[in-house]
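Fold and contact review
Each chain is listed here by its residues.
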Amino acid sequence: MDRLAVNDLEAVLAIARKGGFRAAAVDLGLSATALSHAIGKLEADLGVRLFNRTTRSVSLTEAGRLFVEQVGPTLQDMRSALDSVRSHSETPSGTIRINAAPFAAREIMSPLVVAFLRRYPDMTVDIVTEGRLVDVVSEGFDLGVRVAGLVPSDMIAVPLGRPQRYAVVGSPGYFERHGKPRVPPDLLRHICIRVRLPDGGLFRWRFEKDGEIAQLEVRGPIILDEGSLARIAARESIGIGFFLEQDVLADIASGDLIRILDDWTPPYPGLCLYYPGRRNLSAGMKAFLTLAREIAARERPE
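Criteria and cut-off values
Residues numbered from 1 in each chain as written. Predicted model: local features only at pLDDT ≥ 70, side-chain atom pairs only at ≥ 80, totals over all residues. Heavy atoms only, no water. Pairing = 2+ DSSP bridges. Helix = DSSP H or I, 4+ residues; strand = E, 2+ residues; numbered from the N terminus. Axes fitted to C-alpha atoms, helices over the stretch in contact; angles between N-to-C directions. Contact = heavy atoms within 4.5 Å. Phe/Tyr/Trp six-rings, centres within 6.5 Å; stacked < 30°, edge-to-face > 60°. Lys NZ or Arg CZ within 6 Å of the ring centre and 35° of its normal. Parallel < 35°, antiparallel > 145°, perpendicular 65-115°, else oblique. Nonpolar A, V, L, I, M, F, W, Y, C, P; charged D, E, K, R; others polar. Salt bridge = Lys/Arg side-chain N within 4 Å of Asp/Glu carboxyl O. Buried < 20%, exposed > 50% of the residue type's maximum accessible area, 1.4 Å probe, protein only. Arc of directions from axis to C-beta. Right-handed = clockwise from strand over helix to strand, strands pointing away. Core = buried A, V, L, I, M, F, W, Y, C linked by side-chain atoms within 4.5 Å. Polar contact = N/O pair within 3.5 Å; in protein donor to acceptor, adjacent residues only side chain to side chain.

A few words on the sheet that holds strand E12 (residues 241-244). Taken in spatial order, the three strands line up as E12-E7-E13 in an open sheet, and their pairing is antiparallel. The open sheet terminates on both sides in strands that have one partner only, identified here as E12 and strand E13 (258-260). The mean inter-strand angle of the sheet, taken between neighbouring strand axes irrespective of direction, is 50 degrees. Two elements, strand E7 (residues 166-170) and E13, share three bridges in a ladder whose sense is antiparallel. Within E13, the residue paired with valine 168 across the bridge is isoleucine 260. The strands touched by helix H8 (residues 245-254) within the sheet are E7, E12 and E13, with E12 carrying the most contacts at an inclination of about 110 degrees.

In this section: the packing of aromatic side chains. Scanning the model with the defined rule gives ten aromatic pairs in all. We note arginine 97 situated over the ring of phenylalanine 141; from NZ or CZ to the ring centre the distance is 4.4 Å. If you follow lysine 180 out to its NZ or CZ, it ends over the ring of phenylalanine 175, 5.9 Å from the centre.

Moving on: the packing of helix H2 (residues 21-28) against helix H3 (residues 32-46). Running from N to C, H2 and H3 point in directions that differ by 100 degrees, and their axes come no closer than 8 Å. Classified by the angle their axes make, H2 and H3 are roughly perpendicular. Two secondary-structure elements touch here, H2 through Phe21, Arg22, Ala24, Ala25 and Leu28 and H3 through Ala32, Leu35, Ser36 and Ile39. Tallied by class, the residues present in the contact of H2 with H3 amount to seven nonpolar, one polar and one charged.

Turning our attention to the pattern of salt bridges. Applying the stated criterion to the full structure yields 18 salt bridges. With a shortest N-O distance of 2.3 Å, glutamate 62 and arginine 65 are connected by a salt bridge. With glutamate 62 and arginine 65 both in helix H4 (residues 62-86), this residue pair falls three residues apart, about one helical turn. A relative accessible area of 48% places glutamate 62 in the partly exposed class. Given the relative accessible area of 32%, arginine 65 is considered partly exposed. One salt bridge in this structure joins aspartate 247 and arginine 106, with 3.6 Å as the shortest N-O distance. One end of the pair, aspartate 247, is in helix H8; the other, arginine 106, is in helix H5 (residues 102-119), with 141 residues separating them in the sequence. The class for aspartate 247 is partly exposed, based on a relative accessible area of 28%. For arginine 106, a relative accessible area of 48% puts it in the partly exposed group.

So, on to H8. For H8, the full list of buried residues reads Glu245, Val248 and Asp251. Buried residues in H8, looked at end-on, bunch into an arc of 125 degrees, giving them a common side. In H8, the exposed positions angled more than 90 degrees off the buried face are occupied by Ala250 and Ala253.

A few words on the pairing of strand E3 (residues 94-100). Extensive coverage of E3 is indicated by the burial of five of its seven residues. Taken together, E3, H5 and strand E4 (residues 123-129) form a β-α-β motif whose crossover is right-handed. Pairing of E3 with strand E5 (residues 143-147), which is carried by three bridges, proceeds in the parallel orientation. Its bridge partner being in E5, asparagine 99 is matched across the sheet by glycine 144.

Formed by 30 residues in total, the largest nonpolar core has its most connected members in Val145, Leu273 and Phe288. The set of elements that each furnish at least two residues to this core consists of E3, H5, E4, E5, strand E14 (271-276) and helix H9 (283-299). Not counting residues up to four positions away in its chain, the partners in contact with leucine 273 are Leu112, Gly144, Val145, Ile156, Ala157, Val158, Leu160, Phe288, Leu289 and Ala292.

One non-glycine residue with positive phi stands out, namely serine 237, at about 70 degrees. Checked against the element boundaries, serine 237 lands in the loop between helix H7 (227-235) and E12. Serine 237 gets classed as buried once you look at its relative accessible area, which sits at 19%. Phi angles above zero are rare outside glycine, and leucine 261 is one such case at about 55 degrees. With respect to the helices, strands and loops of the structure, leucine 261 is situated in the loop between E13 and E14.

Moving on to the side chain of aspartate 186. By the element assignment, aspartate 186 lies in the loop between helix H6 (172-178) and strand E8 (193-195). Only 2.9 Å separates the side chain of aspartate 186 from the backbone nitrogen of arginine 182, close enough to count as a polar contact.

Printed below as a string of structure tokens:
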């Protein structure tokens with residue numbers, strides 16, 4: 001065991017987590033070939049196979065399963081110990097890994113991430129965007145960024161200040177041909193742009209006014225899983241779309257899209273950073289969270 005390095009352990013856990021060498025190599029910043037060679041050498045040193053490999057799949061052997069179950073918690077303890085040591089550094093350095101929904105990453109990029117890197121040039125920020133909600137601890141992230149309602153209850157949440165809103169929009173051409181809905185149920189008689197969620201379900205449009213709540217399963221000829229594609233479809237008069245407000249403000253200002261049902265889309269709690277409370281925070285993490293709170297305080301409505 002004295003010949004093993006932390007990088008070897010990280011590699012095994014990454015392959016088990018990602019379900020394959022190629023995805024794990026991307027996660028680790030290595031080539032798939034280099035990762036395969038490293039695992040082959042590790043298996044030779046241990047004298048056992050950790051993975052069953054075929055041309056189509058990779059799976060843990062029984063020895064590999066035991067390895068992951070026993071090494072995973074130990075490696076997490078090692079990370080916590082290193083974070084504890086780094087927390088005594090006066091100059092933040094190192095890497096912060098963040099998992100965020102794509103729109104959330106766009107929201108924090110300029111006001112927070114860029115400002116942080118300018119303030120602390122020895123830091124690196126590694127952002128992974130995906131729609132699905134992941135376990136940030138088991139997947140090796142320091143922070144997650146999601147809307148407040150999706151933050152796991154066992155995490156410490158740091159509100160980012162600005163509330164979110166949705167906007168219902170359509171092109172001038174669409175409304176000239178079909179008219180404008182006056183209340184949410186009118187949408188059921190219109191052509192709408194539907195959006196598929198990361199779990200495969202279709203997004204239901206939610207409205208609220210004076211305590212009345214409506215959730216609609218709209219209809220339409222196109223289903224998309226990416227906001228920018230839905231925005232193109234709305235601009236091309238395919239149908240009415242339901243967007244995060246910030247994604248279509250420029251189109252509304254230019255007149256390319258017209259907003260409707262504005263009084264049915266009130267603000268709701270915005271984005272949060274979140275992280276596990278049981279770990280020691282490095283100097284870099286402390287600095288990042290401090291800056292996030294400063295920015296949130298400036299943006300928070302009076």
